[in-house]
Every structure is written in structure tokens, then in C-alpha cells.
Amino acid sequence: MNAIPARTRFHPLTVAEVRRETPDAIAVTLAVPPDLREAFRFIPGQYLTMRRDVDGEELRRSYSICAGLEEGCLRIGIKRVAGGAFSSWAVGHLRPGEVIEAMPPEGRFGLRPDPAAAPRTILGIACGSGITPVLSIARSLLATEPRSRVVLLYGNRGAADIMFREALEDLKDRYLQRLTIVHVLSREKHELAALHGRLDAGRIAALLPGLLRPGEIDQAFLCGPAGLAEAATAALAGFGVMPERIHQERFTPAGGPAPAPRPAPAAADAPPAAMLELVIDGVTRSLPMQEGETVLEAGLRAGLDLPWSCRGGMCCTCRARVTAGEVAMDLNYSLQPWETEAGYVLTCQSRPRTPVVAVDYDAA
């Protein structure tokens with residue numbers, strides 16, 4: 001029997017520290033054994049997919065890494081969301097010494113710091129727990145590139161809701177000349193009107209000229225709930241930032257887009273709606289697909305250990321490439337245009353449009 005590659009396998013990690021950030025958010029430091037350090041090496045901005053069983057049901061959720069590379073540790077941020085079974089359990093009950101399962105870091109929202117890089121200016125725009133990956137990027141860049149600068153616009157309801165407030169203040173004190181942080185609070189008034197309200201397109205557009213010069217932004221990283229990426233992208237376009245310099249990551253709180261209902265099981269003698277040829281970990285399998293099924297659902301029904309997390313088109317964990325036939329995606333919040341043009345799809349959202357579909361999870 002072939003061993004499952006580290007890329008797709010869950011590993012038990014021991015919780016080393018749980019730090020309370022707000023009443024509804026924690027930072028969790030995970031101890032990585034020496035034999036897994038290479039597998040869990042991360043690029044600032046990436047996330048971990050976590051897994052646990054609740055009453056016999058497997059739950060998977062993705063949480064961004066907040067640690068900087070220079071810290072030499074693995075730390076994630078978890079914020080409780082209404083109705084969130086995983087986040088509610090973690091924020092309420094997770095303690096040092098407990099063991100939790102995690103897949104190695106994933107995601108292409110991020111930045112590789114380079115000590116030899118020319119000076120550059122990075123803009124981060126985040127709301128709520130969207131600060132988590134942006135904090136990792138800022139920490140790593142400031143520590144690694146001594147001439148680069150970070151500007152951060154961070155939106156929250158009030159001061160008590162600011163995740164990593166102490167960490168941000170420490171960074172500001174350490175890199176006083178190279179880090180600018182602007183807090184925008186929607187439920188607390190400020191003497192400057194621009195700092196009170198939602199971090200929408202108009203407010204972002206009003207703040208940018210006082211912080212940056214046109215053409216100064218080398219890369220922009222946007223992370224937050226539905227609507228932030230669209231608002232920030234519109235404001236940045238008006239400021240002259242080219243689309244290829246803008247990187248987006250969305251998270252969806254309870255009440256946001258949800259996966260489509262799963263189809264009812266087909267009758268045992270029902271003919272397949274399509275045939276799926278699926279490649280993962282170097283093995284090719286041929287599977288029948290039921291009417292209305294997604295590629296991911298067909299693979300899981302067949303007992304395959306496929307990568308997935310949110311099932312809502314947000315996290316990109318289930319990304320694969322279509323090598324034959326056609327599929328239609330219900331939702332796509334994470335693939336870039338170049339990826340869809342190259343045939344990559346989110347298998348949790350992909351339903352067949354042809355009698356035969358071939359999908360390769362191993363495609364780089």
C-alpha cells in the first residue's frame with residue numbers, strides 16, 4: 001500500500017499555547033515535531049486546514065497562519081462565528097496539551113520575503129479576522145527586508161474587537177519608520193470622520209492619498225468578509241493600482257454563501273450521469289457520478305481521501321485541473337483568472353457538462 005503524501009495527509013499536532021486576543025478570538029500555537037518541520041514550512045499568508053469529529057461528523061475548517069517567519073513557530077488565529085461548530089469549540093475549549101489534526105500549509109495568498117529585494121511598499125487592507133494572514137505577511141516582510149515598508153488599513157466594529165492589537169502595537173514600536181497602521185472603527189466615533197464607519201470603497205479611496213503616493217504600491221493584500229475585496233479593489237483601481245498587483249482572500253461568516261444542497265442518493269440501478277476519471281497521488285480511478293453531484297462529492301462517496309475544507313468555493317483546498325471533458329462551477333471565490341483559463345477548478349463546486357470528465361489533483 002502506498003503511503004499518503006504529506007501534502008494530503010492530516011497530522012496530529014499538540015497545542016503549545018492558547019492566547020486570548022478578544023472575547024471571541026484566540027491565537028493558537030502548535031508544536032511541530034522535527035520530522036514534520038519541512039512539511040509545515042509556510043509562506044506568509046497561507047492557512048492550515050484543521051479537522052475534528054463532532055458527534056460522528058467530520059468537520060474541516062481553514063485558519064490562516066498569523067506568525068512571522070522570524071518567530072520560528074506555527075500559530076493560527078481562530079475567531080468564533082455565530083453557528084460555527086468548529087470555531088465555537090476551539091475558542092471555548094481548546095487548551096495547551098490537546099492534540100488537533102492539521103494538513104500542511106496551503107494557499108497562494110501570500111508573499112515570499114527576500115532580504116536582497118529592492119525596497120518595496122506593501123499595502124494591507126483587512127477587516128476583522130482578515131488581519132490574520134496580513135499580519136504574517138507584515139511581520140515577515142518587516143523583519144526580512146530592512147528597506148521595505150508596510151501600510152495597513154484595518155477595519156473593526158470597536159477597539160475591543162481588534163485581533164492582535166498588542167502584536168500590532170509592538171510591530172509599530174519596532175518599525176516606527178516603516179509601518180503605518182490606520183484603524184477604522186464602525187461603531188466608535190473618532191474626531192477624524194474618515195476613521196469612523198465601514199471600511200468601504202469610498203472610505204478607502206479617501207484614506208489612500210494621505211498615506212501613499214500614486215504608483216507607490218508594489219503589492220496589495222486584501223482579506224475580509226464578503227464585499228471587502230470588491231470595495232478595496234475598486235478603490236485601488238481608482239488610485240491607479242494595476243489588477244495584477246492586487247491579491248485577495250475572502251472568508252465567509254455564518255449567513256454567507258453556502259454549498260449547494262447535496263443530491264439525494266441515486267437508485268442502485270440508476271445509470272451514471274457521467275463518468276469521472278480522477279487522478280490523485282499518482283493513482284488514476286474511474287468513478288460513476290450521480291445526477292447533480294460535484295466532482296468532490298463523487299470522490300468522497302467512493303471512499304477517496306480527497307483534499308477539501310470549506311465546500312463553499314472560498315478556500316481553494318480542493319483545487320484540481322480538468323484534463324478532459326467540461327465542468328461548470330457553481331461558485332468561485334478563490335481561483336485567479338489565469339487558473340481558470342488553464343483548466344483549474346474547485347472540485348467542490350464542479351458539476352459535469354460532458355459524459356466523461358477527467359480531473360487531476362496532482363497537476364501543479
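Residues numbered from 1 in each chain as written. Predicted model: local features only at pLDDT ≥ 70, side-chain atom pairs only at ≥ 80, totals over all residues. Heavy atoms only, no water.

The name an unreviewed UniProt entry gives the protein chain is 1,2-phenylacetyl-CoA epoxidase subunit PaaE, with Paracraurococcus lichenis as the organism.

Quick word on the sheet that holds strand 16 (residues 344-346)
Read from one edge of the open sheet, five strands run 13-12-18-14-16, paired in mixed fashion. Bordering the open sheet on either side are strand 13 (283-289) and strand 16, each of which pairs with just one other strand. Between one strand axis and the next, the sheet turns by 35 degrees as a mean value, whatever way the strands run. (Pairing = 2+ DSSP bridges. Helix = DSSP H or I, 4+ residues; strand = E, 2+ residues; numbered from the N terminus. Axes fitted to C-alpha atoms, helices over the stretch in contact; angles between N-to-C directions.)

Observations regarding the sheet that holds strand 6 (residues 99-102)
Taken together, six strands build an open sheet; the order of strands is 4-3-6-1-2-5 and the sheet is antiparallel. Strands at the two margins of the open sheet, each flanked by one partner only, are strand 4 (57-64) and strand 5 (74-79). Neighbour-to-neighbour, the strand axes of this sheet turn through a mean angle of 45 degrees, independent of strand direction.

Quick look at the pairing of strand 18 (residues 356-360)
Within strand 18, four of the five residues are buried, which leaves the element mostly enclosed by the surrounding structure. As defined by bridge partners, strand 12 (residues 274-280) adjoins strand 18 across five bridges and the pair is classed as parallel. Of the residues in strand 18, the one forming a bridge with M275 is V356. In this sheet, strand 18 lies alongside strand 14 (residues 319-324) in antiparallel orientation, the contact comprising three bridges. By the bridge assignment, A324 is partnered in strand 18 with A358. (Buried < 20%, exposed > 50% of the residue type's maximum accessible area, 1.4 Å probe, protein only.)

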